[in-house]
Amino acid sequence: MRAVTKLVSSVHASLHLSHPTPDCFIWNSLIHLHSRPPAHPLSAVSVYNRMRLHGVNPDFYTFPFLFLSFNSPSSFLCGQSIHAHILLCGFASERFVQTSLINMYLNCGCLKSAQEAFDEIPFPDLPSWNSIVSANLKMGLFVTAKQLFDKMPDRNVVSWSCMIDGCVKFGKYKEALEMFRNMLTAEVKPNAYTMSAVLSACGRLGALEHGKWAHAYIDRCGMGVDVILGTSLIDMYAKCGSIERAIQVFNGLRDHKDVLAWSVMISGLGMQGLGVECIDMFEEMQGRGLRPNSITFLGLLCGCVHSGLVMEGEYYFKRMSEEFGITPSIEHYGCLVDLYGRAGLIDVAWQVVKSMPMKPDVLIWGALLSGSRMHGDIETCEFSLKQLIALDPMNSGAYVLLSNVYAKLGLWEDVKYVRNVMETKGVKKEPGCSLVEVDGVLHEFFVGDKSHPQTVEIYLMLEEIMKRLKLAGYSGNTGEVLLDLDDEGKEITLSLHSEKLAIAFSFIKTRPGTPVRIIKNLRVCLDCHFAIKMISVVFHREIVVRDCNRFHHFKNGLCSCNDYW
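Not measured: the values here are computed from a predicted model. Every chain is numbered independently, its residues counted from 1 as its sequence is written. Per-residue local features are limited, in this predicted model, to residues with pLDDT of at least 70; the limit for side-chain atom pairs, both in listing and counting, is 80 or more; totals at the level of whole chains, interfaces and linings are taken over all residues. To obtain the side-chain values, all non-hydrogen atoms of the structure were included, while hydrogens and water were left out.

Novice: Would you explain the environment of G334 in this entry?
Specialist: For G334, the location among the structural elements is in helix α20 (residues 330-342). Partly exposed residues are those whose accessible area sits between 20% and 50% of the maximum for their type, while under 20% is buried and over 50% is exposed, using a 1.4 Å probe and protein chains only. Take G334: its relative accessible area is 7%, and that puts it in the buried class. When the C-alpha positions of G334 and N57 are compared, they lie 61 Å apart, and in sequence the two are 277 residues distant. For this analysis, residues touch if any pair of their heavy atoms sits within 4.5 Å. If we skip the residues at most four places from it in the chain, G334 touches L363, I364 and A367. A run of H or I in DSSP counts as a helix once it spans at least four residues, and a run of E counts as a strand once it spans at least two, with each numbered from the N terminus.

Novice: What's the story with the sheet that holds strand β1 (residues 433-438) in this structure? I'm lost.
Specialist: Sheet strands pair by backbone hydrogen bonding; their relative direction is either parallel or antiparallel. A pair of strands is labelled paired if DSSP reports no fewer than 2 bridges between them. Here we have six strands laid out as an open sheet, ordered β2-β1-β3-β4-β5-β6, and mixed in their pairing. The open sheet has two edge strands with one neighbour each: β2 (441-446) and β6 (558-559). Bridge analysis of strand β4 (residues 543-546) against strand β5 (residues 551-555) gives four bridges, and the strand direction is antiparallel. Counted as the bridge partner of V544 is H553 from β5. Interaxial angles span 0 to 180 degrees and are taken between N-to-C directions of axes, which are lines fitted to C-alpha atoms, for helices over the stretch in contact. With respect to the sheet, helix α12 (residues 192-205) is in contact with β1, β2, β3 (516-520) and β4, its orientation differing from that of β4 by roughly 105°.

Novice: Would you mind showing me how to read α12 here?
Specialist: Working note: α-helix, 3.6 residues per turn, so residues spaced by three or four point in the same direction. The end-to-end C-alpha distance of α12, which contains 14 residues, comes to 20 Å, matching closely the 20 Å that a straight helix rising 1.5 Å per residue would cover. If you check which residues of α12 are buried, you get T194, M195, A197, V198, L199, A201, C202, G203 and L205. The N-terminus of α12 is capped by N191, whose side-chain oxygen sits 3.1 Å from the backbone nitrogen of Y193. Multiply 1.5 Å by the residue count of a helix minus one, and that product is the helix's expected span. Two N or O atoms count as a polar contact when they lie within 3.5 Å, although within protein this holds only if one can serve as hydrogen donor and the other as acceptor, and sequence-adjacent residues are included solely when both atoms are side-chain atoms.

Novice: What is the right way to read the packing of helix α10 (residues 157-169) against α12 from this model?
Specialist: Working note: a packed helix pair is described by the angle between its axes plus the distance between those axes. It is at 9 Å that the axes of α10 and α12 come closest, and there the two elements cross at 25°. It follows that α10 is roughly parallel to α12 by the angle criterion. The two elements α10 and α12 meet at a crossing, and its hand is left-handed. Taking contact as the criterion, the partners of V157, S161, C162, I164, D165 and V168 in α10 are, on α12, Y193, T194, A197, V198, S200 and A201. In this count, Pro and Cys sit with the nonpolar residues alongside Ala, Val, Leu, Ile, Met, Phe, Trp and Tyr, while Asp, Glu, Lys and Arg are called charged and the others, Gly among them, polar. When the residues that make up the contact of α10 with α12 are grouped by side-chain class, the tally is eight nonpolar, three polar and one charged. Put simply, angles under 35 degrees are roughly parallel, angles over 145 are roughly antiparallel, angles from 65 to 115 are roughly perpendicular, and the rest are oblique. Crossing handedness is read from the near helix: turned anticlockwise from the far helix by less than a right angle, it gives a left-handed crossing, and turned clockwise, a right-handed one.

Novice: Before we go on, may I ask you to explain the pairing of β3 in this structure?
Specialist: Look at any regular strand and the pattern is simple: side chains alternate between the two faces of the sheet. Burial of β3 is extensive: four of the five residues sit out of reach of the surface. Examined bridge by bridge, β1 and β3 share three bridges and lie antiparallel to one another. Bridge pairing links L435 to I519 in β3. Judged from the four bridges that link them, β3 and β4 form a sheet pairing that is parallel. Counted as the bridge partner of I519 is R546 from β4. Orient the strands so they point away from the viewer; a crossover is then right-handed if the path from the first strand over the helix to the second runs clockwise. Of the crossover connections in this fold, the one passing from β3 over helix α29 (residues 526-538) to the parallel β4 is right-handed.

Novice: Would you explain the confidence of the model for the protein chain in this entry?
Specialist: For residues with low pLDDT, the predicted coordinates do not support detailed interpretation. Known as pLDDT, the predictor's confidence for each residue is given on a scale from 0 to 100. On average, the protein chain scores 86 in pLDDT, and the residues at 70 or more come to 92%. The model gives residues 1-20 a pLDDT under 50, and that stretch makes 19 contacts with residues more than four places away or in other chains. Confidence drops under a pLDDT of 50 for residues 483-491, and excluding neighbours within four residues, the segment shows 14 contacts in the predicted structure.

Novice: Where do I start with the layout of surface pockets in this structure?
Specialist: By rolling a water-sized probe across the atoms, one finds the places where empty space is left. The way it works is a 1 Å grid over only the protein atoms, where trapped points that fit a 1.4 Å probe form a cavity and open points with protein on both sides within 12 Å along at least five of seven lines form a pocket, and then any residue with an atom within 4 Å of a point lines it. Grid points are joined across faces, edges and corners, and a volume is the space filled by probe spheres set on the points. Here the second largest pocket is characterised by a volume of approximately 400 Å³. As for the second largest pocket, its lining consists of 19 residues, of which S196, A197, S200, S232 and D235 are closest to the centre. Among the elements of the structure, α10, α12, α14 (227-239) and α16 (259-271) are those that each provide at least two residues to the lining of the second largest pocket. Of the residues assigned to the lining of the second largest pocket, the class counts are nine nonpolar, four polar and six charged.

Novice: I'm lost on the packing of α10 against helix α11 (residues 173-185) in this one. Help?
Specialist: As a packed pair, α10 and α11 sit with axes 7 Å apart at the nearest point and diverge in direction by 165°. In this view, α10 runs roughly antiparallel relative to α11, as classed from their interaxial angle. Between α10 and α11 lies a crossing of left-handed hand. Contact residues: α10 offers V157, W160, M163, I164, C167 and V168, while α11 offers Y173, E175, A176, M179, F180, N182 and M183. A class-by-class count of the residues in the contact of α10 with α11 yields 11 nonpolar, one polar and one charged.

Novice: Explain the pattern of salt bridges to me, please; I cannot follow it from the model alone.
Specialist: Between side chains of opposite charge, a pair can form when the charged atoms approach closely. We count a salt bridge whenever a side-chain nitrogen from Lys or Arg sits within 4 Å of a carboxyl oxygen from Asp or Glu. This structure, assessed with the given rule, holds 13 salt bridges. As a salt-bridge pair, E444 and K174 come within 3.8 Å of each other at their nearest N and O atoms. Taken together, the residues E444 in strand β2 and K174 in helix α11 connect sequence positions 270 residues apart. A relative accessible area of 36% means that E444 is categorised as partly exposed. By relative accessible area, K174 is classed as partly exposed at 33%. A salt bridge links E178 to R181, with the shortest nitrogen-to-oxygen separation between them at 2.8 Å. In this pair, E178 and R181 are both assigned in helix α11, three residues apart and thus about one turn of the helix distant. The class of E178 is partly exposed, set by a relative accessible area of 38%. Residue R181 is classed as partly exposed on the basis of its relative accessible area of 39%. A single salt-bridge network, built from bridges that share partners, covers E283, R319 and E323.

Novice: Help me understand unusual backbone geometry in this model?
Specialist: The phi angle of most residues is negative, glycine excepted, and most peptide bonds adopt the trans form. Located in the positive-phi region is E187, a residue other than glycine, with phi close to 60°. With respect to the secondary-structure elements, E187 resides in the loop between α11 and α12. For D439, which is not glycine, the phi torsion reads 55° and is therefore positive.

Novice: Is there a simple way to explain the environment of C381 in this structure?
Specialist: Topologically, C381 is positioned in helix α23 (residues 378-391). Counting along the chain gives 24 residues from C381 to V405, while the straight-line C-alpha distance between them is 8.4 Å. Contact partners of C381, with chain neighbours within four places excluded, come to L369, S372, R373, L402 and V405.

Rendered as structure tokens:
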């Protein structure tokens with residue numbers, strides 16, 4: 001700040017030298033200096049007004065410098081006034097000025113004015129196109145941003161990267177990968193920002209082969225895996241279930257790992273149910289002199305939840321505030337409620353909910369509902385459900401969980417009642433969906449799906465799988481089938497779950513012994529969990545399933561979750 005102050009004083013002094021009216025360059029320099037934070041926007045405007053009083057005409061650098069200080073809604077009216085000056089001075093057709101004008105309105109939070117300014121440009125330049133596309137994405141207008149992107153006469157790496165990142169943020173992961181392929185076809189070279197977004201899409205989809213290709217591309221292009229790109233790779237591999245590769249990338253960063261890299265690695269271990277390893281890495285991080293933050297503790301607590309480490313979870317929850325001064329967020333409390341609920345300590349989970357300094361949200365009631373469902377506490381289930389409905393009346397997951405409890409107890413009238421309530425309120429159950437990647441192509445399956453081109457072969461393979469499982473002693477766990485059918489009908493319904501279809505397809509398309517990796521949008525049901533354990537033995541396959549809660553690594557008849565999920 002001292003250097004900037006000294007420079008401002010120097011420029012001010014130049015105004016009083018032999019030249020009674022300094023030229024535009026001097027005024028622009030002074031405006032630029034007064035536009036730097038933490039200067040107030042009116043400071044730069046004041047210099048501009050003095051410039052005009054001296055009879056000095058602005059040039060096409062003046063307004064872009066002036067707009068640097070316009071960064072809040074409070075500057076909007078002043079910005080409109082300067083816009084009028086631009087028109088009067090005849091700079092409306094200057095591309096540099098046009099782009100800065102659009103960005104000024106965006107920084108003032110007025111997308112409508114920015115869009116109007118953009119529309120008034122006869123032939124917008126590339127930075128103007130990029131600014132307006134980025135702005136629409138930031139405002140949540142994905143469709144508009146995509147339409148603008150499609151109209152762009154030219155696109156550079158910023159254009160493509162912005163749109164790919166937008167796809168990821170709006171949950172359009174397949175579209176992100178498709179756009180990346182189009183980018184390469186257009187011979188536009190991606191940068192580290194692009195690859196970070198691509199890796200995020202791969203991780204969300206569980207598309208390991210895509211992710212490995214992206215990693216190889218990074219190495220081929222000589223980008224260099226710094227801590228930012230390295231963290232993206234760690235996250236991608238962890239979310240794809242390849243924790244070994246995640247650890248390799250983590251170790252490859254050597255002494256360049258920051259708190260975020262450590263936190264992502266700890267979180268990745270936690271997702272796999274490796275709670276002890278989570279704790280070991282946390283302690284190693286501290287031993288290296290790095291101070292954990294709230295994200296670090298969230299990953300650590302999740303690891304304790306998925307491994308059933310109740311005492312350890314309690315210990316680190318206390319340390320977070322007592323030793324590190326980190327105020328627990330509602331996400332941290334959610335982990336604690338989940339920890340106790342899954343362990344069957346429903347009363348203790350209730351105490352946590354009642355003692356929280358903030359009002360419980362959907363996350364808290366969902367955790368309590370999930371724990372009470374696991375242990376058949378219908379009273380707590382019903383109460384949690386009412387709270388969830390009050391906060392989110394269209395939350396289908398809450399209704400389905402309660403239906404599962406009633407179904408497990410054989411209370412079919414109650415199941416029908418819950419279903420009728422859902423129908424009356426227009427709440428639709430989210431269909432089970434499983435995604436599997438084979439030969440670099442992503443295939444999606446829904447429960448009872450018959451839309452795949454190889455449906456006949458898939459169902460024949462599924463029939464063979466179920467036949468061999470029954471010979472090995474399998475019988476369907478029909479306790480949570482949400483239909484009042486006879487036992488045979490329930491078993492047929494169970495056999496058509498999306499993950500079973502995905503496994504059957506994988507068996508058709510891959511060689512014996514090849515690991516199968518599946519991403520499922522919902523929690524794996526009891527029957528599928530038991531069936532996949534048996535499949536891993538009967539067919540000698542390692543099967544990795546990532547559901548909405550955690551990872552399940554099935555091998556030799558066992559699951560990494562130890563039947564705790």
